[in-house]
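Listed below, chain by chain, are the residues.
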Amino acid sequence: MAKPLKVGLAGLGTVGTAVAHLLQHQRDTLTSRCGRSIEIVAASARSRSKKRDIDLRKLRWFADPVALAADPGIDVLVEVIGGAGNPAKRAVETALAAGKPVVTANKALLATHGNALAALAERHGVALNFEASVAGGIPIVKTLREGLSGNSFMRIYGILNGTCNYILSRMEQDRIAFGDCLREAQRLGYAEADPTFDIEGHDTAQKLSILASLAFGTKVDPAAIYVEGISSITLADLDAAAELGYRIKLLGVAVRTEGGIELRVHPTMVRKDSAIAQVMSVTNAVTVDAEGLSPITLVGPGAGGAATASAVVADLADVARGVRAPPFGRPAARMTAIRKAPMQRHEGGYYIRLLARDRPGSAATIARRLAQQQISLESIVQRHESWPERNGRPGRSGEPVPVILVTYATSEDAVRKALAAVRRDRVISGRPQVIRIEKN
Ligand code: HSE
């Protein structure tokens with residue numbers, strides 16, 4: 001029997017303890033699958049004495065994860081500390097520079113320093129595996145990096161943030177306003193105490209930056225992504241979406257276009273009968289449009305100890321077997337800068353909700369401004385009683401009237417110009433709501 005793979009585990013929070021449990025629980029299976037056992041021999045965390053559901057007595061203890069990473073007694077570092085900065089970054093760099101493979105669940109680290117870390121891993125001829133960093137238990141990194149290495153990718157899109165999907169699902173199914181759903185998500189432990197990172201789309205953007213690099217061979221660059229969150233979505237939008245045959249999801253989308261790679265995170269109308277629209281609550285999903293295949297959708301748990309541990313342990317199994325793919329599926333020198341398609345050139349259908357001032361000529365002015373930008377309308381609905389904020393009370397003459405427009409394919413630039421003109425004309429009240437429609 002080959003020698004055991006000796007693991008140094010940096011981080012003993014929810015994920016770290018779940019990794020220890022899974023390695024214990026699957027011990028025999030993993031030994032049989034990998035031809036050798038995988039054993040945690042050393043660990044590091046902020047507190048040694050904190051009550052945990054694992055036995056630390058047999059492990060060597062390091063107060064400093066960087067010292068753990070440098071320890072000659074470990075073969076591989078598992079980094080589940082989190083955060084783009086130190087100590088996670090130094091620990092990972094130290095292990096790689098010492099010629100030790102690294103398994104990490106740290107999307108922030110990958111999104112911020114992925115290019116340099118991949119180059120470092122390559123220089124030292126070791127693996128840098130990060131399956132757990134995107135969509136938790138869904139094996140999307142391996143799917144893009146290895147499972148589909150013979151295919152070109154046209155588009156990757158997905159629900160990559162469980163908190164947002166939970167909020168949108170609750171709003172739609174139980175007719176609860178955004179703020180109440182968010183408080184509930186926080187109470188259930190889905191959302192962070194400061195939930196901005198989740199609900200304003202930044203968590204999704206970090207994950208999308210990693211997927212885009214795997215799919216298109218571009219350098220990881222979250223700053224290239226256009227980001228809008230879900231905090232402006234109302235029950236009126238969800239009702240209108242349902243009537244029109246759509247659901248609203250926060251999607252991360254990466255598309256190859258003639259003008260470059262489009263990278264965007266925003267609330268999106270998806271057809272109600274599409275695979276991605278069926279994904280509710282905290283569940284994540286990713287659809288891959290690859291040449292020569294009909295779209296593949298992977299659905300599963302995107303967060304939580306067990307799901308994340310499943311991805312970490314699979315990455316460890318690759319290390320134990322001696323399987324090593326380049327971190328982003330190609331040598332670091334082959335990763336190119338993103339040729340980013342500007343958001344203004346995005347083309348697609350749009351849902352637009354306006355509050356039109358109820359006076360003669362408002363509708364005609366709106367229609368004229370859209371026509372001036374060559375925007376053609378697929379549907380237009382103006383209905384006082386469909387407005388949930390009125391609680392069934394009929395609208396009175398003179399009150400602003402909700403108008404819902406659905407456009408045929410047009411450009412972001414045309415929509416922005418038309419709506420800016422409509423606002424200048426003072427025929428609407430407040431800001432228009434704009435939600436892009438994704439073909440799926
Ligand atoms: N806050 C993230 C989510 C956790 O809600 O999906 C997983 O990255």
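The rules behind each value
Residues numbered from 1 in each chain as written. Predicted model: local features only at pLDDT ≥ 70, side-chain atom pairs only at ≥ 80, totals over all residues. Heavy atoms only, no water. Near = heavy atom within 4 Å. Polar contact = N/O pair within 3.5 Å; in protein donor to acceptor, adjacent residues only side chain to side chain. Areas by Shrake-Rupley, 256 points an atom, 1.4 Å probe, with all protein chains shown as cover. Helix = DSSP H or I, 4+ residues; strand = E, 2+ residues; numbered from the N terminus. Nonpolar A, V, L, I, M, F, W, Y, C, P; charged D, E, K, R; others polar. Phe/Tyr/Trp six-rings, centres within 6.5 Å; stacked < 30°, edge-to-face > 60°. Buried < 20%, exposed > 50% of the residue type's maximum accessible area, 1.4 Å probe, protein only. Lys NZ or Arg CZ within 6 Å of the ring centre and 35° of its normal. Axes fitted to C-alpha atoms, helices over the stretch in contact; angles between N-to-C directions. Parallel < 35°, antiparallel > 145°, perpendicular 65-115°, else oblique. Left-handed = near helix turned anticlockwise from the far one by under 90°. Contact = heavy atoms within 4.5 Å. Domains from an automatic or database assignment. Buried area = accessible area lost by both parts, 1.4 Å probe. Salt bridge = Lys/Arg side-chain N within 4 Å of Asp/Glu carboxyl O.

## Overview of the site of the ligand
Then step 1. All residues in the neighbourhood of the ligand are listed as Lys107, Asn161, Gly162, Thr163, Glu192, Asp198, Asp203, Lys207 and Ala303.
Then step 2. Within the contact set of the ligand, an oxygen atom lies 2.9 Å away from a side-chain nitrogen or oxygen of Lys107.
Then step 3. Within the contact set of the ligand, an oxygen atom lies 2.8 Å away from a side-chain nitrogen or oxygen of Lys207.
Then step 4. Relative to its unbound accessible area of 250 Å², the ligand is 85% covered by the protein chains.
Then step 5. Only α7 (162-174) and α10 (202-216) provide two or more residues apiece to the shell around the ligand.
Then step 6. Of the residues in the shell around the ligand, the class split is one nonpolar, three polar and five charged.

## Re the packing of aromatic side chains
Then step 1. In the structure shown here, the tally under the stated rule is two aromatic pairs.
Then step 2. Here the aromatic rings of Phe130 and Phe328 are separated by 5.1 Å at their centres, their planes lie at 40°, and the arrangement is tilted. On the criterion of sequence distance, the pair formed by Phe130 in the loop between β6 (128-129) and α6 (140-147) and Phe328 in the loop between α12 (305-321) and β13 (347-356) is long-range, its members being 198 residues apart. No difference in accessibility class separates Phe130 from Phe328, as the two residues are buried.
Then step 3. Seen in terms of ring centroids, Tyr166 and Tyr190 are 5.0 Å apart; in terms of plane orientation they differ by 65°. Their pairing is edge-to-face. Taken together, the residues span a long stretch of sequence, with Tyr166 in helix α7 and Tyr190 in the loop between α8 (178-187) and α9 (196-199) at a distance of 24 residues.
Then step 4. Judged by its relative accessible area of 6%, Tyr166 is buried.
Then step 5. Judged by relative accessible area, which is 34%, Tyr190 ranks as partly exposed.
Then step 6. The positively charged end of Arg145 is found above the aromatic ring belonging to Phe130, 5.8 Å away from the centroid.

## Observations regarding the packing of helix α2 (residues 27-34) against α12
Then step 1. Orientation of α2 relative to α12, taken along the N-to-C sense of each, is 40°, at an axis distance of 9 Å. When the interaxial angle is binned, α2 and α12 end up oblique. When you trace α2 past α12, the crossing you get is right-handed. Facing Leu30, Arg33 and Cys34 of α2, the residues of α12 in contact are Val313, Ala317, Ala320 and Arg321.

## Quick word on the domain arrangement of the protein chain
Then step 1. Split into domains, the protein chain comes out as domain 1 (5-137 + 307-334), domain 2 (144-300) and domain 3 (344-437).
Then step 2. If you look at the interface, domain 1 gives 20 residues, while domain 2 gives 19 residues.
Then step 3. Buried surface at the junction of domain 1 and domain 2, both sides included, amounts to about 1,500 Å², of which 62% is carbon and sulfur.
Then step 4. Here domain 1 and domain 2 share one salt bridge between them.

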